[in-house]
Amino acid sequence: MTEALLEVKHLATEFITEQGVARALDDISFHINAGETLGIVGESGCGKSVTSLSIMRLLPRPAGSIVSGEVLLQGQDLTRLAPEEMHHIRGNRIAMIFQEPMTALNPVYRVERQLGETLVLHNPQMSKDEIRAASIRMLKRVGIPAPERRMQEYPHQLSGGMRQRVMIAIALLCEPEILIADEPTTALDVTIQAQILQLLKDLQQETGMAIIFITHDLGVIAEVCDRVLVMYSGRIIEQAEIHTLFDTPLHPYTRGLMNAIPRLDKPAKQVLSTIPGMVPSLFDTPPGCRFQNRCEYAQPQCRATTPPLEGDSDQHQVRCFRFRELMH
Ligand SMILES: Nc1ncnc2c1ncn2[C@@H]1O[C@H](COP(=O)(O)OP(=O)(O)O)[C@@H](O)[C@H]1O
Ligand SMILES: [Mg+2]
């Protein structure tokens, strides 16, 4: 097997809060290969964003920190890098886009300056004209019409879809090997969402970058991903190649998520089931399987012991004592 581009090993991240210590990630391990799109899916609060912030070393300090594990970028452990070294990795080798472009864009800068500052940061030798030309080229590449005019606008003058395109342009300026996209289309309407997903696919074709695509929506996962991790309460509970996951979901939680995908061939009300019950609080996690209180198959063993993540990490893995019975 060739070395993975990024390999996360036994990652644990905690937050110190007034209520105590919250272990938001508990023994997270996965890998992503060059050019691959890996999806991370799960309900709100399961640890998707904390996973991306841990990889980027952007956890809110001092409350949040990685307490154990490794994040290996081509074998180099990012958790051990000095802040300046990590600064160089961010933007150059790993870039990130997220749900609300307004928080990433500076509201008082024109589009031109937002791109220009990123370019200068990573290419101090570039002249003003070169920066302007490179910025226009990038805006064209992400499908922004009349880029010369758009360069003079402020973020609030752009539509949500255009703002997201500007954020993608900024993320791609330094040709990252990995793009982490954290719910990049969640705030957009369906048509614009489809356009942004297509844009990301096209850009990936051109550049060969790997994408970690984070969403709560399995429908979006089906559109873009090669492989998927399903997270629940800070743990990976299933991971599989995309077709395998949709053909043979093994974890009862994954099956629940699948049943919640709206379908065109049935009236929405008839199929849209939600999984009864709630995600346990991180301050009050039960011993054993974290899904036990919502699982119709839970047995005494599930309440006593945490099931291991079993299987082949390139094919299909599941964290459930009863998956063999559920396969039939
Ligand atoms: N700044 C924070 N302070 C304390 N706890 C946090 C903080 N950010 C996240 N958490 C905890 O980590 C859990 C996972 O959060 P997050 O990764 O943002 O979820 P999501 O899967 O919706 O992206 C939250 O439910 C919360 O308990
Ligand atoms: Mg999130």
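Residues numbered from 1 in each chain as written. Chains lettered and ligands numbered in written order. Predicted model: local features only at pLDDT ≥ 70, side-chain atom pairs only at ≥ 80, totals over all residues.

## Observations concerning the overall build of the chain
Argument step 1. Per the secondary structure count, the chain includes 14 helices and twelve strands.
Argument step 2. Of all 328 residues assigned to the chain, the portion counted as buried reaches 37%. (Helix = DSSP H or I, 4+ residues; strand = E, 2+ residues; numbered from the N terminus. Buried ≥ 20, exposed ≤ 12 C-beta atoms within 10 Å, placed from the backbone.)

## Considering the site of ligand 1
Argument step 1. In the vicinity of ligand 1, 16 residues are found, and the nearest of them are A24, G45, K48, S49 and V50.
Argument step 2. Only strand 1 (6–17), strand 2 (20–32) and helix 1 (48–56) provide two or more residues apiece to the shell around ligand 1.
Argument step 3. Taken together, the residues of the shell around ligand 1 break down into eight nonpolar, seven polar and one charged. (Near = placed C-beta within 6 Å. Nonpolar A, V, L, I, M, F, W, Y, C, P; charged D, E, K, R; others polar.)

## Structural notes on unusual backbone geometry
Argument step 1. Each neighbour pair has its own omega, and for R61 with P62 the value is 0°, a cis peptide bond.
Argument step 2. Even without being a glycine, H10 presents a positive backbone phi close to 50°.
Argument step 3. Phi angles above zero are rare outside glycine, and E183 is one such case at about 50°.
Argument step 4. As for its placement among the helices and strands, E183 is situated in the loop between strand 7 (178–182) and helix 8 (190–207).

## Focus: the confidence of the model for the chain
Argument step 1. With 96% of its residues at a pLDDT of 70 or more, the chain has an overall mean of 92.
Argument step 2. Confidence drops under a pLDDT of 50 for residues 268–272, and excluding neighbours within four residues, the segment shows six contacts in the predicted structure. (pLDDT = per-residue confidence, 0-100. Contact = placed C-beta atoms within 7 Å.)

## Digging into the sheet that holds strand 1
Argument step 1. The strand order across the open sheet built from four strands is 2-1-4-5, with neighbouring strands paired in antiparallel fashion. Looking at which strands have only one partner, the edges of the open sheet turn out to be strand 2 and strand 5 (76–77).
Argument step 2. When strand 1 meets strand 4 (residues 64–73), the two strands line up antiparallel, connected through eight bridges. When the sheet's bridge partners are listed, K9 is paired in strand 4 with E70.
Argument step 3. The sheet strands contacting helix 1 are strand 1, strand 2 and strand 4, and the helix crosses strand 2 at an angle near 75°. (Pairing = 2+ DSSP bridges. Axes fitted to C-alpha atoms, helices over the stretch in contact; angles between N-to-C directions.)

## Remarks on the environment of R23
Argument step 1. The topology assignment puts R23 in strand 2.
Argument step 2. Taking the C-alpha atoms as reference, R23 lies 9.7 Å from G47; in sequence the two are 24 residues apart.

## Looking at the sheet that holds strand 12 (residues 316–318)
Backbone-to-backbone hydrogen bonds pair the strands of a sheet. The strands run either parallel or antiparallel.
Argument step 1. The strand order across the open sheet built from eight strands is 6-7-8-3-9-10-12-11, with neighbouring strands paired in mixed fashion. On the outer flanks of this sheet lie strand 6 (94–98) and strand 11 (310–312), each paired with one strand and no other. Taken pair by pair, the neighbouring strands of this sheet meet at an average axis angle of 15°, ignoring direction.
Argument step 2. Summarising the sheet, strand 11 and strand 12 pair through three bridges and their orientation is antiparallel. Among the inter-strand pairings, E310 is bridged to a residue of strand 12, identified as V318.
Argument step 3. Contacting strand 3 (37–41), strand 6, strand 7, strand 8 (210–215) and strand 9 (227–232), helix 1 runs over the sheet at an angle of about 150° to strand 7.

## Details of helix 5 (residues 128–141)
An α-helix turns once per 3.6 residues; consequently, residues spaced three or four apart project the same way.
Argument step 1. Given a rise of 1.5 Å per residue, 14 residues ought to cover 20 Å, and the 20 Å separating the end C-alpha atoms of helix 5 matches this to within 8%.
Argument step 2. Taken as a whole, helix 5 has its buried residues at S135, M138 and L139. Seen from one end, helix 5 has its buried residues packed into an arc of 100°, which puts them on one side. Exposed residues pointing more than 90 degrees away from the buried face of helix 5 are listed as D129, E130, A133 and R137.
Argument step 3. The secondary structure elements touched by the buried residues of helix 5 are helix 4 (111–122), helix 6 (147–150) and helix 7 (160–172). (Expected span 1.5 Å × (residues − 1). Arc of directions from axis to C-beta.)

## Points about the packing of helix 7 against helix 8
The description of two packed helices rests on the angle between their axes and on the distance between the axes.
Argument step 1. Packing of helix 7 against helix 8 brings their axes to within 10 Å, and their N-to-C directions diverge by 15°. By the angle between their directions, the pair helix 7 and helix 8 is classed as roughly parallel. Handedness of the crossing formed by helix 7 with helix 8: right-handed. Facing helix 7, whose interface residues are G160, G161, Q164, I168 and L172, helix 8 presents I192, Q195, I196, L199 and L203.
Argument step 2. Its residues assigned to classes, the contact of helix 7 with helix 8 shows six nonpolar, four polar and no charged. (Parallel < 35°, antiparallel > 145°, perpendicular 65-115°, else oblique. Left-handed = near helix turned anticlockwise from the far one by under 90°.)

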